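Observations on the model geometry
This is what each chain is made of:
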Amino acid sequence: MQTSAVLRQAHSSVPPQPVPPLLQTLQRYLTALEPLLPPDELQHTRKIVQKFGCPGGLGEKLQRELIKRAKHSHNWISDWWVQWAYLECRQPLAVHSNPAISLPNRDFTDWRGQLVFASKLIAGVLDFKAQVDSGKLALEYMRGQPLCMELFPQLFSSCRIPGPKHDHVVHYGRPRRGPAHITVVRNYQFFQLDVYNSDGTPLTESQIHAQLLRIRSQSWKTDKQPMGILTSEHRHTWGQAYTRLLRDKINKESVRLIEKSIFTLCLDSPVMRISDEKYSSRMAAQILHGGGTFSNSGNRWFDKTLQFVVGEDGSWGLLYEHATAEGPPISTLLDHVLEYCKKPDRVRAPLIPLPMPKKLYFYINSEIKWDLEMAKQNLDILINDLDIKCFNFQHFGKEFVKQLKLSPNSFIQVAIQLAYYRVHSEVCAACDIASLRMFRGGRTDYIRSPTNQMLSFIRAFDDDAVSREAKVQLLREAVDAYSILTEQSLMGQGIDRHLLGLKLQAIEEGLSLPRIFMDTAYGLATHWKLRTGQVPTNTDSVMCFGPLAPDGYAVCYNPQQDHVHFSVTAFNCCEETNAEKLALTLERSLRDLQELFQPTV
């Protein structure tokens, strides 16, 4: 069965994404503003919102158009969302957009082990791709409901292309006659590695290993010009450099082969060993940005949808481009690869001589050399500005919270808000990610915190005058309130994508921007000082990404049964934020919440 047929079958069982009722969204928006605004400002905003939502008003008109759009489109918000949140965003993909997943070290410490593991990894990804292409990938479910599987085929042979005003994504993958090669990059040199035999069967692990040995023998020296670093630039700058680069025929061919490749494998040089305590943070940073121009950043092509990174020291992970990929499908892919890596290689390699992997060449004139020098400087500035703190909280995990009959995700969210309040003496606009894969073409919506209940608990928690029983009750209320918001978002009744849809509908109709979106309250409510994300996987991985706001944090976590992995990032240029301080406070806050239920005698 072809992929399209499987997708059609999956589509028929996944309903279209609803447009939430207008007055419901406006009321929930006002409720979400209550913890963030003083009463007089809230009153001012309430009047603007009421006028927007009044019968026969502008809100109603825009809502009607959205409902019409929903009837005649695959998904009424996803394309708009991808365009607005990703493709029109001009920030560099490195740090600001592409998430990285760092996985537990493998048991090798030299290049030999690196290539053996990389061969198995490539074979595992190709095995997963074969399941996607043949329609054998199991349909996923959440809460008994089937999930949209559309993103899976788009993970392969796809790439983001820079443009002067906005980017676009190209997909070269077709089940029968898509590209048959991956890109391997080592010492800043790119190679085209064909991973299928002439009869269409994938190369065996030993064949792949033999080809990786050939690539190693061709790439002893580090290339003087790390072409991949161009892709880390501000999107407008890279868009201009891209146009200059592609004027040359050799460059155009090399770039197209990278863009068309099924995925990229980055074979990284070893990183200087540092203290065990800082090692996980260093490894996450390596996957995220390559460690800078004197480390492995030249081994990246940040526009590529999937980049697997394997270091000589046993470190490994995945970096992905967000316009096409989301966390849950990526987790499914990684779980498959990890299971595959446990199996012994029983396939005998056919005795067919394989063509030499093709080195991709670039012609570098003085203009491109200048572009590269600027990109190197800018990337090193960005990397030096990013503070990353990863830690493994080992005092409890999901199991402890479930025994309290509470939602682990909501419980951790309360702890994050408590830690932020303890550091900054205020609450802030914060977003967690909810997947909308219960709907056709669904991407994500935000779950907003803080809530009124969360604020009440946070204020009471460090107050000695409040009894322990009262604190427990307030905590339960805060967790329950957050769980309700989560449920609403998962069911397509969140507020943020709906508000964005109304705003973009007004822009599309050429109207002046409605006052509700010009209001300072809307600016404050969408200035995400806390960007959070739960990425539950079956393994001890940690995801990290940069903050959404220059004065904000990103906190990512992966709850396991008896421990939780965290990563916290902030920018050093902001004097108010400090990743290390928030991480330590978060650890203490989690311990304090534990003690609330298990008081020491």
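The shown structure was predicted, so the numbers you read here are calculated from the model rather than taken from an experiment.

Cut-offs used in this document
- Residues numbered from 1 in each chain as written.
- Predicted model: local features only at pLDDT ≥ 70, side-chain atom pairs only at ≥ 80, totals over all residues.
- Heavy atoms only, no water.
- Axes fitted to C-alpha atoms, helices over the stretch in contact; angles between N-to-C directions.
- Helix = DSSP H or I, 4+ residues; strand = E, 2+ residues; numbered from the N terminus.
- Left-handed = near helix turned anticlockwise from the far one by under 90°.
- Contact = heavy atoms within 4.5 Å.
- Nonpolar A, V, L, I, M, F, W, Y, C, P; charged D, E, K, R; others polar.
- Domains from an automatic or database assignment.
- Buried area = accessible area lost by both parts, 1.4 Å probe.
- Pairing = 2+ DSSP bridges.
- UniProt positions renumbered as here; feature names shortened; annotations may be inferred.
- Buried < 20%, exposed > 50% of the residue type's maximum accessible area, 1.4 Å probe, protein only.

1. Side note on the packing of helix α17 (residues 468–490) against helix α21 (residues 579–597)
Their axes nearest at 10 Å, the elements α17 and α21 cross at an angle of 115°. The hand of the α17/α21 crossing is left-handed. Counted together, Arg468, Lys471, Val472, Leu475 and Arg476 of α17 and Leu593, Leu596 and Phe597 of α21 form the full contact between these two elements. Looking at side-chain class alone, the contact of α17 with α21 contains 5 nonpolar, no polar and 3 charged residues.

2. Quick word on the domain arrangement of the protein
Note: interface size is frequently given as the accessible area lost on complex formation between the parts. Under the domain assignment, the protein is made up of domain 1 (1–88 + 394–600) and domain 2 (92–378). Spacing between the C-alpha centres of domain 1 and domain 2 amounts to 31 Å. Every contact between the two is made by 39 residues of domain 1 and, on the other side, 47 residues of domain 2. The contact between domain 1 and domain 2 buries some 3,600 Å² in all, and 57% of this surface belongs to carbon and sulfur atoms. Per-residue buried area on domain 1 facing domain 2 is highest for Tyr86, Leu87 and Arg437; these three make up 21% of the total on that side.

3. A word on the sheet that holds strand β9 (residues 306–311)
The pairing of strands in a sheet happens through backbone hydrogen bonds and is either parallel or antiparallel. Spatially, the 8 strands line up as an open sheet ordered β11-β7-β6-β8-β9-β10-β1-β16, and their pairing is mixed. Two strands close off the open sheet at either side, each with one partner strand: β11 (358–359) and β16 (542–544). As paired elements, strand β1 (residues 100–103) and β16 share 3 bridges and run antiparallel to each other. By the bridge assignment, isoleucine 101 is partnered in β16 with methionine 543. Strands in contact with helix α11 (residues 276–289) are β1, β8 (264–268), β9, β10 (316–320) and β16; relative to β1, the strand with the most contacts, it is inclined by about 140°. Docked against the sheet, helix α12 (residues 327–341) engages β1, β9 and β10, running at close to 150° with respect to β10.

4. Concerning the UniProt feature "active site" (unreviewed entry) in the protein
Under the present numbering, the feature "active site" (unreviewed entry) in UniProt falls on His322. Along the chain, histidine 322 turns up in the loop between β10 and α12. For histidine 322, a relative accessible area of 10% puts it in the buried group. Excluding anything up to four places from it in sequence, histidine 322 contacts Tyr86, Ser97, Asn98, Pro99, Arg443 and Arg531.

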